[in-house]
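Each chain is listed here by its residues.
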Amino acid sequence: MYPEPVDSSLLKIDLYSDTATKPTREMRDFMCAAEVGDEQRGEDPSVNELQETVAEMLGKEASLLLPSGTMCNQIAFAVHCRPGDMVLLERNAHPLHSEAGGAAVLSSATLYPVDGVNGHFTADQVAEEVQPATRYWPGFRLVAVEQTTNRPGGRVWPLEQMRAVCDAAHERDLQTHMDGARLFNAVVASGISALDYAETFDSLWIDLSKGLGAPIGGVLAGSTGFIEAAWQWKQRIGGAMRQAGFVAAAGIYALKHNIDRLADDHANARRLAVGISDAPGIQVNPDEVETNMVKFDVAGTGASSKEFASRLLTGWGVRVSTPGPAAIRAIPYLGISRDDVDEATRAICSLAEELARE
Ligand SMILES: *Cc1c(COP(=O)(O)O)cnc(C)c1O
């Protein structure tokens, strides 16, 4: 089953995901002017520039452009793990919910979930779960975290907690991996640098196609040896491209121009949360909006999240996602203005009032 495409004539304000960003005029112009070559041979200057830029921003020896963030996670698992190895991650993590079982298919690795708070787990949990391999117990190879945590609502890992988790992993001879799909949202929200967040990770990646506003791509970073091995996987599973510089150029542009502006998305998310917090039957805590995601609960309206979302779309042209039976998620991004957010706020309040009257 694939989600039904929505009737575009209905859709006015799309808060479904920050993946809906479209390249701006300026980004498109920059992409058009890109110098390109064959990236498989290391001859695409724009790809090389992007990879050098990201490696430097994350304090790693090397990095690799891949078509998607999913491929970044999958290749990292494949490089770190041998068949049978376990990957410790949080129960809401993207590879468990949204990567079609890739770790089992591509790496023969087992994803081992632990329960966190807001998607964050602790060094104590690592210490408790990670026991040495025996004839029976496969043993762990990797600990993976998500910054920010997606399904829990864009929550920022505290730096010290994250470092303690990495220390606990390294003390037990495990590798560490960060799914940094929204790392820069965490950077902008916390004021802590990407370098600091990245320091204790053996591998990590950033997504160019979320709030940063590029159309395609993720960049995976690590040691020279790790990226060498990642290259072979990229080739193996058909992720090696040719004149990918056009895509890389969007990434270069995004990293130069679209990081600081994530603060606007965060302000808009908070504004939306505050704006709907008094609507009848809606439960939301604006203080939990740390980055660009607003998660709210509609149980009190008497409608299911699916019903709520469907009426919001057909009645007001506002699209949101439904991560749980009563949970709604709305995400502002590049291209969603403050006026759009105010209009969406009014729509959500109107629907809540309508439901209260029924
Ligand atoms: C979007 C996302 C991914 C996958 O990225 P794609 O570029 O969509 O493949 C992985 N992890 C998290 C946390 C994400 O939000």
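With domains assigned, the protein chain is organised as domain 1 (13-21 + 261-357) and domain 2 (34-257). Relative to domain 2, the C-alpha centre of domain 1 lies at a distance of 29 Å. On the domain 2 side, the residues contacting the 15 residues of domain 1 number 20 residues. Across the domain 1/domain 2 interface, buried area totals approximately 1600 Å², and carbon plus sulfur atoms make up 50% of it. Area buried by domain 1 at its contact with domain 2 is led by Leu262, Glu290 and Met293, which between them contribute 34% of it. Counting the contacts that link domain 1 with domain 2 gives 2 salt bridges. Asp18 is the salt-bridge partner of Arg182, the closest N and O atoms lying 2.8 Å from each other. Inspection of the region where domain 1 meets domain 2 yields 8 residue pairs in polar contact (both at pLDDT 80 or more). Residue contributions to the side of domain 1 that touches domain 2 peak at 3 residues, all from helix H12 (residues 262-276). For the side of domain 1 that touches domain 2, a count of residues per class yields 4 nonpolar, 5 polar and 6 charged.

Tallying each qualifying case throughout the model produces 6 aromatic pairs. By the ring-pair criterion, three or more aromatic residues cluster together here, those being Tyr112, Trp137 and Phe140. Across the ring face of Trp231, the terminal group of Lys234 is positioned such that the distance to the ring centre comes to 4.7 Å.

Next up on the list: the layout of surface pockets. One number sums up the size of the second largest pocket: a volume of about 260 Å³. As for the second largest pocket, its lining consists of 13 residues, and the residues nearest its centre are Ala20, Thr21, Lys22, Tyr333 and Leu334.

With that out of the way, let us pick up empty space enclosed by the protein. Going through the model one piece at a time under the given rule, you end up with 2 cavities of 30 Å³ or more. Taken as a whole, the largest cavity encloses approximately 110 Å³ of empty space. Along the walls of the largest cavity sit 16 residues, with Leu89, Ala93, Ala144, Val145 and Glu146 positioned nearest its centre. When contributions to the lining of the largest cavity are tallied by element, the ones reaching two or more residues are helix H3 (69-80), strand E3 (86-90), strand E5 (140-146) and strand E6 (175-180).

Tracing the sequence through the fold places His80 in helix H3. When near neighbours in sequence (up to four residues on either side) are disregarded, His80 contacts Asp85, Arg141, Leu142, Gln175, Asp202, Ser203 and Phe226.

Here we come to the packing of helix H13 (residues 305-316) against helix H14 (residues 338-357). Orientation of H13 relative to H14, taken along the N-to-C sense of each, is 115°, at an axis distance of 10 Å. The two elements H13 and H14 cross, and the hand of that crossing is right-handed. For the pair H13 and H14, contact is made by Phe308, Arg311, Leu312 and Trp316 and by Ala347, Ile348, Ser350, Leu351, Glu354 and Leu355, respectively. When its residues are assigned to classes, the contact of H13 with H14 shows 7 nonpolar, 1 polar and 2 charged.

Looking at the ligand, there are 14 residues lining it, with Gly69, Thr70, Asp179, Arg182 and Lys210 nearest. Here an oxygen atom of the ligand sits 2.8 Å away from a polar atom, N or O, in the side chain of Asp207. Within the complex, 87% of the 370 Å² of free accessible area of the ligand lies under protein. Breaking the shell around the ligand down by element, the ones donating at least two residues are H3 and strand E7 (203-207). Of the residues forming the shell around the ligand, the biggest block, 3 residues, is contributed by H3. In terms of residue class, the shell around the ligand is built from 2 nonpolar, 6 polar and 6 charged.

What follows covers unusual backbone geometry. Omega for the bond connecting Gln147 with Thr148 falls within 30 degrees of zero, at -10°, which places this linkage in the cis form. As for its placement among the helices and strands, Thr148 is situated in the loop between E5 and helix H7 (159-171). Even without glycine at this site, Ser108 takes up a positive phi of about 50°. In this fold, Ser108 is placed in the loop between helix H5 (102-107) and strand E4 (110-114). Owing to a relative accessible area of 38%, Ser108 belongs among the partly exposed residues under this scheme. Positive phi, normally seen in glycine, also occurs at Asp173, with a value near 65°.

It is worth spelling out the nonpolar core at this point. Among the nonpolar cores identified, the biggest contains 52 residues, and Leu50, Leu58, Phe121, Leu183, Phe184, Tyr197 and Ile206 are the most heavily contacted of them. No other element matches the 7 residues that helix H11 (residues 245-257) contributes to this core. If you look at the next biggest cluster of nonpolar residues, it comprises 31 residues, including Val318, Ala330, Val341 and Leu355.

A few words now on the sheet that holds E6. Sheets are built from strands that pair by backbone hydrogen bonding, the pairs being arranged parallel or antiparallel. If you trace the 7 strands from one edge of the open sheet to the other, you get E2-E8-E7-E6-E5-E3-E4, paired in mixed fashion. In the strand order of this sheet, the two ends are held by strand E2 (62-66) and E4, each with one partner. Mean inter-strand twist for the sheet, computed between neighbouring axes without regard to direction, equals 20°. Direction of pairing for E6 relative to E7: parallel, over a ladder of 4 bridges. When the sheet's bridge partners are listed, Asp179 is paired in E7 with Trp205.

The rules behind the values
- Residues numbered from 1 in each chain as written.
- Predicted model: local features only at pLDDT ≥ 70, side-chain atom pairs only at ≥ 80, totals over all residues.
- Heavy atoms only, no water.
- Domains from an automatic or database assignment.
- Contact = heavy atoms within 4.5 Å.
- Buried area = accessible area lost by both parts, 1.4 Å probe.
- Salt bridge = Lys/Arg side-chain N within 4 Å of Asp/Glu carboxyl O.
- Polar contact = N/O pair within 3.5 Å; in protein donor to acceptor, adjacent residues only side chain to side chain.
- Helix = DSSP H or I, 4+ residues; strand = E, 2+ residues; numbered from the N terminus.
- Nonpolar A, V, L, I, M, F, W, Y, C, P; charged D, E, K, R; others polar.
- Phe/Tyr/Trp six-rings, centres within 6.5 Å; stacked < 30°, edge-to-face > 60°.
- Lys NZ or Arg CZ within 6 Å of the ring centre and 35° of its normal.
- 1 Å grid on protein atoms, 1.4 Å probe; cavity = no way out; pocket = protein on both sides within 12 Å on 5 of 7 lines; lining within 4 Å.
- Points joined across faces, edges and corners; volume = space filled by probe spheres on them.
- Axes fitted to C-alpha atoms, helices over the stretch in contact; angles between N-to-C directions.
- Left-handed = near helix turned anticlockwise from the far one by under 90°.
- Near = heavy atom within 4 Å.
- Areas by Shrake-Rupley, 256 points an atom, 1.4 Å probe, with all protein chains shown as cover.
- Buried < 20%, exposed > 50% of the residue type's maximum accessible area, 1.4 Å probe, protein only.
- Core = buried A, V, L, I, M, F, W, Y, C linked by side-chain atoms within 4.5 Å.
- Pairing = 2+ DSSP bridges.

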